Each structure stands twice: as structure tokens, then as C-alpha cells.
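Here's the letter readout for the chains.
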Amino acid sequence: MASQQSEDFSPHGNQGIKKPCRTCSDFKTWTTNLNQNANVQEKMNSQISQSTGAETKSSFRPTIHTVEKTFPECPLDRQQLGRNSWSVLHTIAAYYPETPTVDQQKDMVQFMALFTKFYPCTDCSEDFKERLIANPPATQNNSILSQWLCAMHNEVNVKLGKPEFDCNLVNQRWRNGWKDGSCD
Ligand SMILES: Cc1cc2nc3c(=O)[nH]c(=O)nc-3n(C[C@H](O)[C@H](O)[C@H](O)COP(=O)(O)OP(=O)(O)OC[C@H]3O[C@@H](n4cnc5c(N)ncnc54)[C@H](O)[C@@H]3O)c2cc1C
């Protein structure tokens, strides 16, 4: 779909190169787009070095790992379910609107309640339901929602004896990638 294609990129802000949007692409499309961008960057580097005579090192060459299936695909255990679920929840929060409508805010409160209701780990679900009552979703905008979710996840981390996550880093972890460029 043409309109889908244009949404599959988010601006990279570097010499007009666009960075593929991971959450809108399947792995194959994403790596293909990365390759195409790498080729564009190589061409640009070669043009720059031809015009300036300078050696230009590509800083955009992505490392692409081949995914080799070494495990059978099995139903999720509690840990895998938790990890995957947190990934979905934090990513949804990261892409939640900056200025949500009243309806979107209501929908988000309902989404969290329904997600918890159907979460297929009964004691996790019961526990999280209590936490939602004590601390309902803060849905004013994506930053506030992300911070709320980070705090909720930290409560579960503490309960399970895991280290707390630094919520100042939540946007780097779930939306923008680390500042050192390791996710670019
Ligand atoms: C709603 C919910 C309730 C759960 N309740 C229980 C329970 O009661 N008992 C139980 O045994 N398991 C529960 N789980 C599962 C548990 O939280 C973990 O997901 C599971 O133990 C696997 O942990 P993990 O160490 O792989 O990292 P996870 O806790 O799954 O975290 C995944 C990744 O998220 C990032 N992260 C960690 N903390 C934060 C944060 N605060 N904010 C943003 N990002 C963060 C880190 O990069 C981490 O690697 C629950 C899961 C969910 C989604």
C-alpha cells in the first residue's frame, strides 16, 4: 500500500536520509530499507570524496545479523510472556499521542484494564489489577503515560527482586534508541 509505505519511515534528520520505523515494518522490509539507506549513504560518501578528494568513512553501515532458528517455537512461559508484554505496553505508551483526545484517554484507561483482565498469568493479573486501582493510568500525553508505566513496571520489578529501571531513559529504551547510536 502506497500510504503504508510513506508511514514506514520516520525522519532521521541527517542529510535527508530516512530511518525505517521498526514498529511499522517486518524484519525483512526493515533490513532491506536499512540496506537501501546504506547504499544511499555510500553513494553520498563517494560523491563527497570525489568532490573534496577526502576519504569519507561510512558511519551508517548497519550490522545485520542473520536470524537463524535454533529453537522450536514454543508457547510462552511466564518470563517470556512478561518480557513480550512489557515490550508491547512500553512501545504503545511511547507512541501514544502527545495531545490525546478525551476519547483516546478513556480508551487507554480501558485498554490497560482489559489487557490486565485477559493477561494469561492469573496471579500477575490479580496483582496488577490491584496496582491499577491504587494508581490508575496517567493518560495526559505520551511522556506522562510512559513515566506512569515505567513506575508500574518498577513496582513489579521490586516485587520480583529485580533492579529498578531508570525512568529518565524510557524514551531511549522504547522509542528513540540509545544516545550512543547503538540502535541506529
Ligand atoms: C503487567 C505485568 C504484570 C506482571 N506481574 C508479574 C508477577 O506478579 N509475577 C511474576 O513473576 N511476573 C510478573 N510479570 C512478568 C515480569 O514482570 C517479567 O516480565 C519477567 O519476570 C521477565 O523479566 P525480565 O527480567 O526478562 O525483564 P522484564 O521485567 O520483562 O523487562 C523487559 C525489559 O524492559 C525494560 N525495563 C525493565 N524495567 C522497566 C521499567 N520500569 N520501565 C521501562 N522499561 C523497563 C528492560 O530493558 C528489560 O530488559 C508481569 C508482567 C506484566 C506485563
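Look above for the structure.
Residues numbered from 1 in each chain as written. Predicted model: local features only at pLDDT ≥ 70, side-chain atom pairs only at ≥ 80, totals over all residues.

A. Focus on the site of the ligand. Residues in close proximity to the ligand total 21 residues, the closest being G82, C124, C150, H153 and F165. Elements that contribute at least two residues to the shell around the ligand include exactly helix 3 (78-94), helix 5 (122-134), helix 6 (142-159) and helix 7 (170-176). With seven residues, helix 3 is the largest single contributor of residues to the shell around the ligand. By residue class, the composition of the shell around the ligand is eight nonpolar, seven polar and six charged. (Near = placed C-beta within 6 Å. Helix = DSSP H or I, 4+ residues; strand = E, 2+ residues; numbered from the N terminus. Nonpolar A, V, L, I, M, F, W, Y, C, P; charged D, E, K, R; others polar.)

B. Examining the environment of H153 more closely. Inspection of the secondary structure assignment puts H153 in helix 6. Through-space distance from the C-alpha of H153 to that of H90 is 9.4 Å; in sequence the pair is 63 residues apart. The residues contacting H153, other than those within four sequence positions of it, are W86 and F165. (Contact = placed C-beta atoms within 7 Å.)

C. Structural view of the nonpolar core. Among the nonpolar cores identified, the biggest contains eight residues, and these are A93, Y96, L145, L149, C150, M152, V170 and W174. Those elements that provide at least two residues to this core are helix 6 and helix 7. The biggest single contributor to this core is helix 6, with four residues. What L149 contacts, discounting residues up to four positions off in sequence, is L89, H90 and A93. (Core = buried A, V, L, I, M, F, W, Y, C linked by C-beta atoms within 7 Å. Buried ≥ 20, exposed ≤ 12 C-beta atoms within 10 Å, placed from the backbone.)

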